[in-house]
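Residue-level structural notes
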Amino acid sequence: MSSYAQHIKTVTERFDQALADTGYESTLIYAGQPRVAFLDDNPGTFKVNPLFKYWIPVLESPKSAIFYRKGSGKPTVYLFQARDFWHSQAQISEEDWQQHVELKIIDDLSQLTDDLGDALAASAFLGEDFAQPVADWNVKARNPQALIDHLHFHRAVKTDWEVENLRQANLLAAKGHLAAKEAFLGGKSELEIHSDYLAAMNFRESQVPYNSIVALNDHSAILHYDVYDVTPPKQRLSFLIDAGSLYKGYCADITRSYASEAGFYADLVNAMDTAQQELLSEIKPGINYYDLHVSMHLKVAAILEQFDFINISAQEAYDKGITSAFMPHGLGHFIGLQVHDVGGFLQDDKGNSYERSERHPFLRLLRDIEVGQVFTIEPGLYVVDQLLEEFADSKDINWTMVDKLRPYGGVRIEDSIVVGANGDNENLTRNAFKALGGE
Ligand code: GLY
Ligand code: MN
Ligand code: MN
């Protein structure tokens, strides 16, 4: 059996169970369609419904839909191919997925509703429904939370086919990252670095899964910096790039930080790299991701102590909340069909959730670690003045060192990890860099 055949079998079984547990006969998963800008006739970028691409790796066929009847074992794909001489139509080549579905080509959504007849009224609709005729379809329920939670909970454990796609996505992104590093060392601007990143992958900007963060110097302290200066800075100190890729609908999300020369910032990057690798070695089935997040904070605290950013012990810095001012985001998140993949707060497939942590409100993953999960590990340390304001009068912080780091912005290192048994994990990101002769 091919790995895709095994994947679609797993997806089928997961839908069978989810439909049975939540009381639906069938589901209709709508791919979606592009939104048009206000008072305009230009469509925006189309991003397919993740639950659609969970079944088949078709990303560019808006208005398509998948119908699955509980227990039938085989979905029907209504593939929309418009009769339209204005636009090119996505070419769907012969692929493995077509052997595992019933394929019906349509050029009008009335063909789908005619074909389904009464079955539509017993179906749970999953997707966006802002446009006609979809908004008026007579379905049993629209995006029922119980069904979505059930599906989202189980999506955390990836099939072999999904892991292979994530491997390929990391290889693509690593290629882009190596080109971006060259561009940085060559003195290019942020915009030029990003152009080189995309060119190395043969991507257009609309194809990357999130806005790349391409940040020189102090820009790297802006956590979602994505405006890109068009001229290089006078002095090149540091470079942080957080940029991803997509393969068959699966995402890569990689961050690297580089110094322009040996010295204080290069040492900080090395210290963070060591801390990140220590965290990777702590990943084991059965432990809770929250505990890993706390372990990361203690390692960041140790770096703050080692580099004299604080005048107190590492443990005290954590206890007083100082590490959160330097490292405000979560240690990481699930990754898969979505960059921030779903289900990180779910305790079970009944929709029970973990209570969000007040101490660490931006952590997106609170679940126990299981074999087959894929998540990122992305510790960082930044000078974010807005967060440091709370400690402005504190002698616990060595402000001279804060001033020294400020022009460099910050540092983050991010890899994606597949959890194996007994700590036998796969680092998708470092393996990709190694395969390309990088590090
Ligand atoms: N690039 C978004 C993140 O790292 O979560
Ligand atoms: Mn991430
Ligand atoms: Mn990232």
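Scoring rules and cut-offs
Residues numbered from 1 in each chain as written. Chains lettered and ligands numbered in written order. Predicted model: local features only at pLDDT ≥ 70, side-chain atom pairs only at ≥ 80, totals over all residues. Heavy atoms only, no water. UniProt positions renumbered as here; feature names shortened; annotations may be inferred. Near = heavy atom within 4 Å. Polar contact = N/O pair within 3.5 Å; in protein donor to acceptor, adjacent residues only side chain to side chain. Areas by Shrake-Rupley, 256 points an atom, 1.4 Å probe, with all protein chains shown as cover. Donors = N, O, S within 2.8 Å, 3.2 Å for Na, K, Ca; no water. Tetrahedral: all angles 85-135°; square planar, octahedral: opposite > 155°, others 65-115°. Helix = DSSP H or I, 4+ residues; strand = E, 2+ residues; numbered from the N terminus. Buried < 20%, exposed > 50% of the residue type's maximum accessible area, 1.4 Å probe, protein only.

The name given to the protein chain in an unreviewed UniProt entry is Xaa-Pro dipeptidase, with the source organism recorded as Idiomarina aquatica. Under the heading Catalytic activity (unreviewed entry), UniProt records this for the protein chain: "Xaa-L-Pro dipeptide + H2O = an L-alpha-amino acid + L-proline". In UniProt, the protein chain has this text filed under Function (unreviewed entry): "Splits dipeptides with a prolyl residue in the C-terminal position."

With that settled, consider the site of ligand 1. The full set of residues close to ligand 1 is Tyr 210, Asp 242, Asp 253, His 333, His 340, Glu 378 and Glu 414. Asp 253 places a side-chain nitrogen or oxygen 3.1 Å from an oxygen atom of ligand 1. Glu 378 is positioned with one of its side-chain polar atoms (N or O) 3.0 Å from an oxygen atom of ligand 1. A total of 200 Å² of accessible area belongs to ligand 1 in isolation, and the protein chains cover 90% of it.

Bringing the coordination of the manganese ion (ligand 2) into the picture now. The protein atoms that coordinate the manganese ion (ligand 2) are Asp 253 (OD), His 333 (NE2), Glu 378 (OE) and Glu 414 (OE), at distances of 2.0 to 2.2 Å. Around the manganese ion (ligand 2) sit 6 donor atoms, and with donor-metal-donor angles ranging over 51 to 158 degrees the site reads as irregular. Counting gaps between the donor residues of the manganese ion (ligand 2) yields the pattern D-x79-H-x44-E-x35-E. Separating the manganese ion (ligand 2) and the manganese ion (ligand 3) is a distance of 3.3 Å, and Asp 253 donates to both of them. Of this pair, Asp 253 sits in strand S9 (residues 250–259) while His 333 sits in the loop between helix H10 (322–326) and strand S10 (374–377), and the two are 80 residues apart along the sequence.

As a benchmark, a tetrahedral metal site with four donors has ideal angles of 109.5 degrees, while an octahedral site with six donors has ideal angles of 90 or 180 degrees. Coordination of the manganese ion (ligand 3) by the protein comes from Asp 242 (OD), Asp 242 (OD), Asp 253 (OD) and Glu 414 (OE), over a distance range of 2.1 to 2.3 Å. For the manganese ion (ligand 3), the 6 donor atoms in the first shell make angles of 57 to 169 degrees at the metal, so the coordination geometry reads as irregular. Along the chain, the residues that donate to the manganese ion (ligand 3) are spaced as D-x10-D-x160-E. Accessibility expressed as a relative area gives 7% for Asp 242, which makes it buried. Look at Glu 414 and you get buried, because its relative accessible area is 0%.

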